[in-house]
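# Inside the fold
Now for the letters of each chain:
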Amino acid sequence: MKRARSRCFPSLILAALFLVLFAFAISWAQRPLRRPNNRDEDAAKRPRLVLLIVVDQFRYDYLTRYGDLFGEKGIGRLLRQGASWTEANYDHIPTYTAPGHAVLMTGAWPSQTGIIANDWYEQSTGRKVRSVTDDSANVLAGRSGEKGYSPRRLLCSTLGDELRLADNDRSKVIGISAKNRSAILPVGRRANAAYWFSDDTGNMASSTYYFNQMPDWVTRFNNRRMADGWFGARWDRLLPEAEYLRRAGKDDVPWENLDKTSNDSNFFPHIVTGGAAKPSRPFFKALVYTPFSNDLLVTFAEEAISNERLGDDDDTDVLSVSFSANDYVGHRFGPNSQEVMDMTLRVDRQIGTLLDFVGARIGLQNTIVIFTADHGASPVPELAALQNLPGRRWQKADMLKLVEDGLKAKYGRKDRPAADYIRSFTNKQETEEGLLNGNFYLNRAALQRDGIDLDECERVVGQLAMQMPGAARFFTRAQLENGRISAGDDMARRVLHGFYPQRSGDVIIVFEPYSILFDPPDDPTDPLSSATHGSPYSYDTHVPLIIMGRGFRPGKYTQAATPADLASTLAQVLNVQAPSCAVGRVLAEALGNSPQR
């Protein structure tokens, strides 16, 4: 009996201990809880900063071609920790810088935003204007007497506008870039500021649209003359030359040397002076064609975060940083060049530096980071031809002559020479004929004077243009305004998305893949482009789209997406009204607990 009781005693102790723990657990579960109020919950969930990172002319395939060379902190980190869409394409043409930047935070196409190109012919004034031209403002920290720039031509609200409308302007919204249009358009009409690099002065400039004088911290930054420090700098490859030869081919190739006026070589190393004896306008113009101008933007962005106290409180701020040097280098050397490969590797590290700063000051867990591009890039036509692709370089003057000669032949008589049916516009001090962005602008007054039917003339111009080798299709104003396109015609849809009646031309020409219509730059001191962009083809439309932050499930998503989806998605996450013209969908597949695909 004693032996039996001794065996039961430990079991009794364990049972009693279990009952005590069970009773304690019940009492703990039933204790009164302090629940945070809704404002506390919202503040805990709300990101303190939305950081939009745009790399101008960054093709999607740069991720696959060079991704294994990315570091741990930049684009590589975004790919690992962010939601990435593999099939994100712009759905408009022309695929240029201004329309792309306008799409990102409005969620709307150029047909709604009115930003149909970088510049266009203004019918009401008869002059060529830029997407951000604003004669009512002045440039701050630019050249003396320089007229200003603003978002006044942007017709839709942005995500930043909606944030500031929702919280009585407590949120801060700031745009930064080397290009004025890239700084201004993503942040919208109610932004606190937009800053860009002045190649006249070497300063970070702004506009009286935002304030009457520069903030003190910007003046202090400009007084440091940071850009001057790169005078005579040597830009060389980050990695051994063999890696570039393997991935990008030879460095010194003929099609990179179209511009004989450039004061730079078309091979590494590049010594940055612009042909000047000291820091001055030629040098500042040369600087934007190097990775050093991106370094300047990173430093300036860090100063903006610190001095404007971005992300310091519960009201979500927006900072847009657009790296322009990649686009300049892509135009100069082409997307398959060693220079573009090196720029891609360097911008990965520059983004890593910026993300480290944001992480240390604000916390990446309190930040939504977006990485994307405004467009891609076409191969250099001469290289495409060598690769047995149908690439050709065509000149604007040749197409104009073809169409004008055809109009004279069809309509011309002794009493009406039909020499002015293409309208002329003023560009600075010059007069030029109305062919821009593949758009022919017809002289309606001349057509009416001579009794020529406008719709008929549009068709004639299109048919004449099709006689030029490389021309693929044409679309008329009558066709687009009356909706006479097929819903299943992808090219027609992209043309329609890029058409805004008050600013677009009357006949729009689209070229075949790899064939490009080149137009000399307005500024004769700008180098000629080896490559460009603007087409409806995948090399121009397909871009990265990565979102990293709380609420977004990391991984690759194969659903079709467009950069226009970004604004609606962020508006839902931030619980604010979507921008006024937003047509993009919410990227629900990456939100919350939705299953990854």
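Worth saying up front: this structure is predicted, and the values here are computed from it rather than measured.

## Describing the overall build of the protein chain
Check the secondary structure of the protein chain and you find 22 helices and 23 strands. Projected onto the principal axes, the alpha-carbon positions of the protein chain cover approximately 135 × 55 × 55 Å. A buried classification covers 58% of the 597 residues belonging to the protein chain. When contacts within the protein chain are restricted to residue pairs at least 6 apart in sequence, those whose partners lie at least 24 apart make up 74%. Counting every atom, the protein chain has about 25,500 Å² of accessible surface; 51% of that belongs to carbon and sulfur. Considering the protein chain, the positive charge centre built from 72 side chains and the negative charge centre built from 71 side chains are found 7 Å apart.

## Digging into the environment of T208
Secondary-structure assignment places T208 in the loop between β9 (204–207) and α9 (216–223). Apart from the residues lying within four places of it in its own chain, the contact partners of T208 are A137, N138 and L140. A polar contact of 2.8 Å, which involves the side chain of T208, links it to the backbone nitrogen of N138.

## Description of the side chain of R503
Position of R503 relative to the elements: it lies in the loop between α20 (490–497) and β20 (507–511). Here R503 sits buried without a salt bridge, and the closest side chain of opposite charge, E122, lies 6.4 Å off (N-O distance). Reaching out from R503, the side chain makes a polar contact with the backbone oxygen of G114 at a distance of 2.7 Å. The residues contacting R503, other than those within four sequence positions of it, are T113, G114, I115, I116, W120, Y121, R153, L155 and Y441.

## Thoughts on the state of the cysteines
Within this structure, the stated rule accounts for one disulfide. Disulfide pairing is shown between C156 and C581; the S-S distance is 2.3 Å. In this structure, the disulfide formed by C156 and C581 twists by about -90° around the S-S bond and is classed as left-handed. With C156 in the loop between β6 (147–149) and α7 (159–166) and C581 in the segment after α22 (565–574), this pair connects stretches of sequence that are 425 residues apart. Exposure class is identical for C156 and C581. Each is buried.

## As for the sheet that holds strand β23 (residues 555–557)
The sheet built from eleven strands is open, its strands ordered β6-β5-β9-β8-β7-β12-β1-β13-β22-β2-β23 with mixed pairing. Looking at the sheet topology across the chains shown, the edges are occupied by β6 and β23. Pairwise comparison of adjacent strand axes, ignoring direction, gives a mean angle of 25° for this sheet.

## Describing the nonpolar core
Residues L51, W85, I176, Y195, I351 and F371 are the most contacted members of the largest nonpolar core, which totals 130 residues. Of all the elements, helix α14 (residues 338–361) adds the most residues to this core, at nine residues.

## Digging into the packing of aromatic side chains
For the coordinates displayed, the defined rule picks out 24 aromatic pairs. An angle of 80° between the planes, with centres 6.2 Å apart, marks the rings of F197 and F284 as edge-to-face. Placement of the pair is F197 in strand β8 (residues 193–197) and F284 in helix α11 (residues 281–287), with a sequence separation of 87 residues. Taken together, a centroid distance of 5.2 Å and an interplanar angle of 90° make the contact between W235 and F268 edge-to-face. Residue W235 is located in strand β10 (residues 233–235), and its partner F268 is located in the loop between α10 (241–248) and β11 (270–272); the two are separated by 33 residues in the primary sequence.

## So, the sheet that holds strand β19 (residues 471–476)
Taken in spatial order, the four strands of this open sheet run β17-β18-β20-β19, and their pairing is antiparallel. Only two strands of the sheet have a single neighbouring strand rather than two, namely β17 (435–436) and β19. The sheet strands contacting α20 are β19 and β20, and the helix crosses β19 at an angle near 50°.

## Some points on the confidence of the model for the protein chain
Confidence along the protein chain averages 91 in pLDDT terms, with 91% of residues attaining 70 or more. Across residues 1–43 the pLDDT falls below 50, and counting only partners more than four positions away or on other chains, this stretch makes four contacts in the model.

## Some thoughts on unusual backbone geometry
Going from I93 to P94, the amide bond is cis rather than trans, its omega being 0°. By the element assignment, P94 lies in the loop between β2 (83–85) and α5 (97–106). Going from F268 to P269, the amide bond is cis rather than trans, its omega being -5°. Mapped onto the secondary structure, P269 falls in the loop between α10 and β11. Of note, R225 is a non-glycine position whose phi angle comes to about 55°, a positive value.

## Some remarks on the pairing of strand β22 (residues 545–548)
What you see with β22 is no split at all: L545 and I547 on one side and I546 and M548 on the other are buried throughout. The pairing of β2 with β22 spans two bridges and is antiparallel. Pairing of A83 across the sheet is with I547, part of β22. Pairing between strand β13 (residues 367–372) and β22: four bridges, direction antiparallel. Across the sheet, I370 pairs through a bridge with I547, a residue of β22.

## Comments concerning helix α13 (residues 325–333)
Along α13, eight of the nine residues are buried, which leaves the element largely enclosed by surrounding structure. What α13 keeps buried is the set A325, N326, D327, V329, G330, H331, R332 and F333. Buried residues in α13 make contact with β1 (49–55), β10, β11, α12 (292–307), β12 (317–323) and α14. After α13 finishes, the residue G334 shows a positive phi value of roughly 95°.

Definitions and limits used
Residues numbered from 1 in each chain as written. Predicted model: local features only at pLDDT ≥ 70, side-chain atom pairs only at ≥ 80, totals over all residues. Heavy atoms only, no water. Helix = DSSP H or I, 4+ residues; strand = E, 2+ residues; numbered from the N terminus. Buried < 20%, exposed > 50% of the residue type's maximum accessible area, 1.4 Å probe, protein only. Contact = heavy atoms within 4.5 Å. Areas by Shrake-Rupley, 256 points an atom, 1.4 Å probe, with all protein chains shown as cover. Lys, Arg positive; Asp, Glu negative; His and termini not counted. Charge placed at Lys NZ, Arg CZ, Asp CG, Glu CD. Polar contact = N/O pair within 3.5 Å; in protein donor to acceptor, adjacent residues only side chain to side chain. Salt bridge = Lys/Arg side-chain N within 4 Å of Asp/Glu carboxyl O. Disulfide = S-S within 2.5 Å. Pairing = 2+ DSSP bridges. Axes fitted to C-alpha atoms, helices over the stretch in contact; angles between N-to-C directions. Core = buried A, V, L, I, M, F, W, Y, C linked by side-chain atoms within 4.5 Å. Phe/Tyr/Trp six-rings, centres within 6.5 Å; stacked < 30°, edge-to-face > 60°. pLDDT = per-residue confidence, 0-100.

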